[in-house]
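# Per-entry structural report
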Amino acid sequence: MTDENDEIAAAGARVVEMLGACAEAPDDREVGRAADDALMRLERLLAVAPDDR
Amino acid sequence: MTGTLARSDIALDAIRCHPDADNPSSFLAVNEGNRYLHLPDTPGVIVYRPTGRYLVQFGGPFAPKEARPRLLRAFLDLAAEQDREIVSIQLQGADAAEYLDEGFTVNQIGASYALRLDTFTLRGTPFMQLRNKIARALRSGLTIHEAPLGEWHVQMKELDSEWLGSKGGARPLEFLVGEYGGPYQHLRRLFAGVHGDRLTGYISYSPVYGSRPGWMHDLSRRRPDSPPGVMEAINKAAIETFQAEGVEWLHFGYTPFSGLSTEAEFPGHSRAFQWFMKELWTNGEHIYPAQTQYAYKEKWKQDVILPEYIAFQSGASIPALVHVFRACNAV
């Protein structure tokens with residue numbers, strides 16, 4: 001469970017980081033795609049986690 | 001034919017005649033710089049701003065229920081013609097169905113708050129701190145006046161510059177933030193807090209239509225060196241004025257990332273985006289001071305919490321969210 005939580009925390013931190021990157025370069029589609037990839041990774045991790053997370 | 005007139009009078013008519021979704025912030029529809037989509041044979045409008053590769057929509061369609069799907073489809077056509085994507089912000093729960101039907105992902109992104117004025121009183125222990133804060137401000141010599149904009153316009157501009165300077169030269173926000181001046185100023189109410197003849201702070205209230213009619217505590221600013229309690233004292237004076245007039249509701253508007261609740265989410269929402277909103281609420285004060293803003297609203301002991309939503313045309317998306325910030329001049 002701890003490993004799973006750590007993985008979610010790390011994936012979430014990456015989303016936060018990518019928000020900053022997108023804000024720095026809002027017209028950069030590559031940065032936007034990378035940010036959405038980070039969000040998708042978090043989505044996949046949460047999909048197999050309990051609902052109350 | 002689709003019309004995209006930059007004519008806010010159409011929007012004013014729509015928010016007054018079709019407050020079906022009960023959006024308490026609907027007066028933002030007439031902000032300067034907004035664009036409007038309307039159809040000649042369909043009542044209502046869609047309010048938006050083209051921003052980078054997105055069309056950022058404010059609220060849902062301000063239209064009767066039967067017209068809303070048609071307007072949204074026309075908006076989707078407009079976005080496709082421009083090779084842009086739609087992201088919609090400050091949707092209300094009642095707006096969601098049409099967006100879900102069109103395949104949007106709808107997630108909660110915060111909440112707005114409202115106070116019933118007919119029963120509201122500052123008496124009692126829960127308001128002791130607030131009463132003390134207001135008393136301190138009044139002891140400093142603060143007086144509060146409702147006044148037309150013209151009387152204070154110059155000092156308000158000066159105060160705004162000072163206020164922005166105190167925020168490290170922050171950019172003035174727009175789109176989801178109230179304005180003063182312009183052709184609809186006569187529809188707003190302005191309460192000024194003054195020491196002598198010097199403006200110390202002000203709150204502008206904008207009209208709210210729909211099932212909870214009243215006023216919205218909209219744009220508010222104070223001088224960085226003002227004593228504590230100035231805004232609270234101004235708001236108390238406004239509340240007393242509204243109560244004397246029989247106004248039913250005082251709305252406090254939208255606070256991003258606040259009031260999040262799993263029960264408020266719609267089917268198909270993004271759990272990752274939901275997680276992200278909770279993260280921004282807990283640790284995102286450097287991105288937006290949501291907790292500070294919420295603390296001010298919470299001290300009035302709000303009666304109603306209304307979830308507010310973001311809708312993504314192509315799934316939850318960070319660049320789409322960033323373009324909402326961009327439309328607000330925050331990026």
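Below you will find a few notes about this structure. (Residues numbered from 1 in each chain as written. Chains lettered and ligands numbered in written order. Predicted model: local features only at pLDDT ≥ 70, side-chain atom pairs only at ≥ 80, totals over all residues. Heavy atoms only, no water.)

## Quick word on the nonpolar core
One finds Ile-89, Phe-273, Phe-276, Ile-310, Ile-318 and Leu-321 of chain B to be the most contacted residues of the largest nonpolar core, which totals 58 residues. In this structure, this core is formed jointly by two domains, domain 1 (8-112 + 256-287 + 305-327) and domain 2 (115-253) of chain B, each of which donates at least three residues. Residue contacts for Phe-273 of chain B: discarding those within four places in its chain leaves Leu-39 of chain A together with Asn-107, Gln-108, Ile-109, Ile-310, Phe-312, Ala-316 and Leu-321 of chain B. In this structure, Phe-120, Val-230, Ala-233 and Phe-252 of chain B belong to the second largest nonpolar core, which totals 27 residues. (Core = buried A, V, L, I, M, F, W, Y, C linked by side-chain atoms within 4.5 Å. Buried < 20%, exposed > 50% of the residue type's maximum accessible area, 1.4 Å probe, protein only. Domains from an automatic or database assignment. Contact = heavy atoms within 4.5 Å.)

## Comments concerning the interface of chain A and chain B
On the chain B side, the residues contacting the 25 residues of chain A number 22 residues. A buried area of about 1900 Å², summed over both sides, lies between chain A and chain B, and 66% of it is on carbon and sulfur atoms. Per-residue buried area on chain A facing chain B is highest for Leu-19, Pro-26 and Leu-39 of chain A; these three make up 29% of the total on that side. Across the chain A-chain B interface, the total number found is 1 salt bridge. For Arg-326 of chain B, the salt bridge identified is with Asp-27 of chain A, shortest N-O distance 2.8 Å. Counting across the interface, chain A meets chain B through 8 residue pairs in polar contact (both at pLDDT 80 or more). The set of elements that each furnish at least two residues to the side of chain A that touches chain B consists of helix H1 (2-24) and helix H2 (29-47) of chain A. Taken together, the residues that form the side of chain A that touches chain B break down as 16 nonpolar, 2 polar and 7 charged. (Buried area = accessible area lost by both parts, 1.4 Å probe. Salt bridge = Lys/Arg side-chain N within 4 Å of Asp/Glu carboxyl O. Polar contact = N/O pair within 3.5 Å; in protein donor to acceptor, adjacent residues only side chain to side chain. Helix = DSSP H or I, 4+ residues; strand = E, 2+ residues; numbered from the N terminus. Nonpolar A, V, L, I, M, F, W, Y, C, P; charged D, E, K, R; others polar.)

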